[in-house]
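# Survey of secondary and tertiary structure
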Amino acid sequence: MIQKMSQVPTQLFIDGKWVDGGQEAVPVKNPANGETLAEVSQGAEEETQQAIAAAKRAFPLWSKKAPSERAQLMNKIADMIEEEADRLATIMTLEQGKPLKESRAEVLTDVENFRWNAAEGQRIYGEIVPAPYDHHWLVRKQAVGVVAAITPWNFPSNMIARKIAPALAAGCTLVMKPSKETPLSALALVDIFDRAGMPEGVVNIVLGSSKVIGKVLTDSDDVRKLTFTGSTKTGQLLYEQCAATLKHISLELGGHAPFIVFEDADIPSAAENLLAAKFRNNGQVCTAPNRIFLHKTIKEEFTQVLLDKISSITVGNGLDDPDIGPVINEDGLKKIEEQLEDASNKGARVLYGGSRLTKRPYADGTFFEPTILDGVTNDMQIYYEETFGPVIPLIEFTDVDEVIAAANDTEFGLASYFFSQDLQTISKVARELDYGMVGVNEMAISNPAVPFGGVKHSGFGRENGKYGVEEYIDVKFIDINTQLEK
Ligand code: NAP
């Protein structure tokens, strides 16, 4: 394993060079067994300022390149990521824990992001607006400038690709800061950009204290946009910090997705979809279904299908490709335990699982049993807080309006799902769910071609699709008066 890791750079990448930061290196651990995978170099204010300066110098060069030239490099990067997908997937599984098949799927989504945005970057059309004679009214779309990108650990590769690909396509340059839990996937991607021939300064990566680096990035007037994916709490702080420099900002924050099964739903299909979505990345997904609303008439049948299937869910080291890997760290485990304890104290019943796994082969990792919790009510923490773990909380309902109100009773508004075969129900519920995304008889709602993002405390701005590119663009109006005095 260490040998595989040795192929990954462990330094900062600034102005086209791998450099050591001035702070003490920190270890990156494998959550499946606690092993140290690598020691990663750390920087602080100085390195972040250097990275911003490099991105600023590179901006005129990169933004003036023909869109087709930028696309050519992005397509080359996509090809290289595809060729190296197995290696990148192994790195991700080692540092993040998810099963290899999921890591590989994530890496291949990066490939799609790069190809889709390479093409879209060539279609950032402006407008010619009807104008008085002798005037030309032009609307130009121009890259915003230097972008700061801060990303979380749960999708350590794709959260980066989703930001970098549209930003590069629009002509922006970047300073990235990945999570301390999973820097290796980010470094491996940047290594590919470097080998693909990315001009120096276009993409820079800084590692170190997120508080320090975040402050330098948000305080800088040279950084014109912050794109952030992570918790609502950190998003709120960064939003405040960006006020003084009036940056463009997009925030992809937490979620608490409702999953509603109506009485006319296809029960086996809904149950299968729920298990797949809930246990993807061990429930550590901002779009994971977190409150499972079941109509009274089908609740028993649905619960039985879940119970029949859950016992076959395998838990293990992601390298062995089980259904579920470890939770990211001890704090993650504690949060799950606290929510379960609180719910149990208030009357909920654990129907399956409910504990961390401590015996061999799980002893040195951070593993939790797949869990079903029944009788969840709105006085419990789990009803309102993200779990980020493999827990299925069941809630009963009887009426459409009641369940819509309950589903909307949250500060979050990212993803929502429901299963029904009735057209009236589909039409009404899809409109009235207060979320950025609604999956109807479908859970796979994320795709490079369609907008992804939330409302309320799940943030604002969109990633993916043409909306994702627009986040990196300023609109400029040009009025040309051709009625020149003779
Ligand atoms: P987090 O603690 O907010 O961290 C996210 C990123 O912000 C990390 O790179 C972190 O760096 C950095 N950070 C933390 N404090 C900072 C500060 N004061 N200034 C600047 N940067 C700071 O979130 P997380 O635990 O990594 O990720 C899980 C959260 O992300 C969940 O709430 C999940 O729902 C959300 N998420 C949302 C989406 C979406 O698209 N809406 C997608 C995925 C995840 P360090 O780790 O190095 O401290």
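Bear in mind that the values here come from a model prediction, so they are computed numbers and not experimental data. (Residues numbered from 1 in each chain as written. Predicted model: local features only at pLDDT ≥ 70, side-chain atom pairs only at ≥ 80, totals over all residues. Heavy atoms only, no water.)

Here the focus is the nonpolar core. In terms of nonpolar packing, the biggest core is built from 78 residues, with Phe114, Leu168 and Val203 touching the most fellow members. For this core, the element with the highest residue contribution is helix α7 (residues 183-196), accounting for nine residues. Excluding anything up to four places from it in sequence, Leu168 contacts Trp62, Arg70, Met74, Phe114, Leu174, Met198, Val202 and Val203. (Core = buried A, V, L, I, M, F, W, Y, C linked by side-chain atoms within 4.5 Å. Buried < 20%, exposed > 50% of the residue type's maximum accessible area, 1.4 Å probe, protein only. Helix = DSSP H or I, 4+ residues; strand = E, 2+ residues; numbered from the N terminus. Contact = heavy atoms within 4.5 Å.)

In this fold, Glu47 is placed in helix α2 (residues 45-64). Buried within the structure, Glu47 lacks any salt-bridge partner; Lys177 is the closest side chain of opposite charge, at an N-O distance of 13 Å. Ignoring any residue separated from it by four or fewer positions in sequence, one finds Glu47 in contact with Leu12, Ile14, Gly21, Gly22 and Val206. (Lys, Arg positive; Asp, Glu negative; His and termini not counted. Salt bridge = Lys/Arg side-chain N within 4 Å of Asp/Glu carboxyl O.)

With that settled, the discussion passes to the domain arrangement of the protein. Domain boundaries assigned for the protein yield domain 1 (2-253 + 458-476) and domain 2 (257-447). Summarising the inter-unit geometry, the C-alpha centres of domain 1 and domain 2 are found 31 Å apart. With 26 residues of domain 1 in contact, the opposing surface of domain 2 contributes 30 residues. Buried surface at the junction of domain 1 and domain 2, summed over both partners, amounts to about 2,200 Å²; 52% is from carbon and sulfur atoms. A per-residue breakdown of the area domain 1 buries against domain 2 is headed by Ala32, Trp153 and Ser458, which together make up 22% of the total. For the pair domain 1 and domain 2, the interface holds one salt bridge. Contributions of two or more residues to the side of domain 1 that touches domain 2 are made by α4 (85-96) and α5 (100-120). A total of five residues in the side of domain 1 that touches domain 2 trace back to one element, the largest contributor, which is α4. (Domains from an automatic or database assignment. Buried area = accessible area lost by both parts, 1.4 Å probe.)

Close to the ligand lie 29 residues; Thr151, Ser231, Thr234, Leu253 and Glu386 are nearest. In this structure, an oxygen atom belonging to the ligand sits 3.1 Å away from a side-chain N or O atom of Lys177. Contacts to the ligand include Ser210, whose side-chain N or O atom sits 2.9 Å from an oxygen atom. A total of 900 Å² of accessible area belongs to the ligand in isolation, and the protein chains cover 88% of it. More than half of the atoms of the ligand fall within 2 Å of the grid points belonging to the largest pocket. (Near = heavy atom within 4 Å. Polar contact = N/O pair within 3.5 Å; in protein donor to acceptor, adjacent residues only side chain to side chain. Areas by Shrake-Rupley, 256 points an atom, 1.4 Å probe, with all protein chains shown as cover. 1 Å grid on protein atoms, 1.4 Å probe; cavity = no way out; pocket = protein on both sides within 12 Å on 5 of 7 lines; lining within 4 Å. Sits in = over half its atoms within 2 Å of the grid points.)

At a minimum axis distance of 8 Å, the contact between helix α8 (residues 210-219) and helix α9 (residues 232-242) shows a crossing angle of 35°. Between α8 and α9 lies a crossing of right-handed hand. Contacts between α8 and α9 involve Gly214, Lys215, Thr218 and Asp219 from the first element and Leu238, Gln241 and Cys242 from the second. Its residues assigned to classes, the contact of α8 with α9 comprises two nonpolar, three polar and two charged. (Axes fitted to C-alpha atoms, helices over the stretch in contact; angles between N-to-C directions. Left-handed = near helix turned anticlockwise from the far one by under 90°. Nonpolar A, V, L, I, M, F, W, Y, C, P; charged D, E, K, R; others polar.)

Attention shifts here to helix α11 (residues 299-310). When the terminal C-alpha atoms of α11 are compared, their 16 Å separation across twelve residues agrees well with the 16 Å that a helix rising 1.5 Å per residue should span. Three or more residues of α11 are buried, namely Lys299, Phe302, Thr303, Val305, Leu306 and Ile310. For α11, the angular spread of the buried residues around the axis is 155°, confining them to a single face. Projecting away from the buried face of α11 at angles above 90 degrees are the exposed residues Glu300 and Asp308. As for α11, its buried residues are in contact with β12 (257-261), α10 (267-279), β13 (289-295), β14 (349-352), β17 (371-374) and β18 (391-397). (Expected span 1.5 Å × (residues − 1). Arc of directions from axis to C-beta.)

Moving on, we come to the sheet that holds strand β6 (residues 135-143). Taken together, the three strands give an open sheet; going across it, the order is β5-β6-β22, and neighbouring strands pair in antiparallel fashion. Unpaired on one side and paired on the other, β5 (127-129) and β22 (473-481) mark the two borders of the sheet. Within this sheet the neighbouring strands show an average axis-to-axis angle of 25°, counted without direction. Relative to β6, β5 is paired through three bridges, and the arrangement is antiparallel. In the sheet register, Val129 faces β6, and the bridge partner there is Trp137. (Pairing = 2+ DSSP bridges.)

In the structure shown here, the tally under the stated rule is 26 salt bridges. Between Arg115 and Glu82 there is a salt bridge, with its nearest N and O atoms 2.7 Å apart. Separated by 33 residues along the polypeptide, Arg115 in helix α5 and Glu82 in helix α3 (residues 67-83) bring together distant segments of the chain. We classify Glu82 as partly exposed; its relative accessible area is 39%. A salt bridge links Glu106 to Lys98, with the nearest nitrogen and oxygen atoms 2.5 Å apart.

Here the focus is unusual backbone geometry. Here the bond from Arg360 into Pro361 is cis, since omega is 5°, no more than 30 degrees from zero. Secondary-structure assignment places Pro361 in the loop between β15 (356-357) and β16 (367-368). A positive phi angle, near 75°, is found at Asp134, a position not held by glycine. In this structure, Asp134 sits in the loop between β5 and β6.

In this section: the packing of α3 against α5. It is the contact of α3 with α5, at a shortest axis distance of 8 Å, that shows an interaxial angle of 165°. What the angle tells us is that α3 and α5 run roughly antiparallel. Here α3 runs over α5; the crossing is left-handed. Contacts from Ala71, Met74, Asn75, Ile77, Ala78, Asp79, Ile81 and Glu82 in α3 reach Val107, Leu108, Asp110, Val111, Phe114, Arg115, Asn117 and Ala118 in α5. When the residues that make up the contact of α3 with α5 are grouped by side-chain class, the tally is ten nonpolar, two polar and four charged. (Parallel < 35°, antiparallel > 145°, perpendicular 65-115°, else oblique.)

The next thing to look at is α4. With twelve residues, α4 should cover 16 Å at 1.5 Å per step; its first-to-last C-alpha distance of 16 Å lies within 8% of that length. Among the twelve residues in α4, eleven count as buried, and that is most of the element. If you check which residues of α4 are buried, you get Ala85, Arg87, Leu88, Ala89, Thr90, Ile91, Met92, Thr93, Leu94, Glu95 and Gln96. Two residues or fewer after α4 comes Gly97, characterised by a positive phi angle close to 105°.

Right, let's get into the layout of surface pockets. As a volume, the largest pocket reaches approximately 1,300 Å³. The wall of the largest pocket is formed by 43 residues, among which Pro152, Trp153, Gly230, Ser231 and Thr234 lie closest to the centre. For the lining of the largest pocket, the secondary structure elements donating two or more residues are α8, β10 (223-229), α9 and α12 (330-345). Among the elements that line the lining of the largest pocket, the one with the most residues is α9, at six residues. Each residue belonging to the lining of the largest pocket can be placed in one class, and the counts come to twelve nonpolar, 19 polar and twelve charged. When residues of the lining of the largest pocket are assigned to domains, at least three fall in each of domain 1 (2-253 + 458-476) and domain 2 (257-447). (Points joined across faces, edges and corners; volume = space filled by probe spheres on them.)

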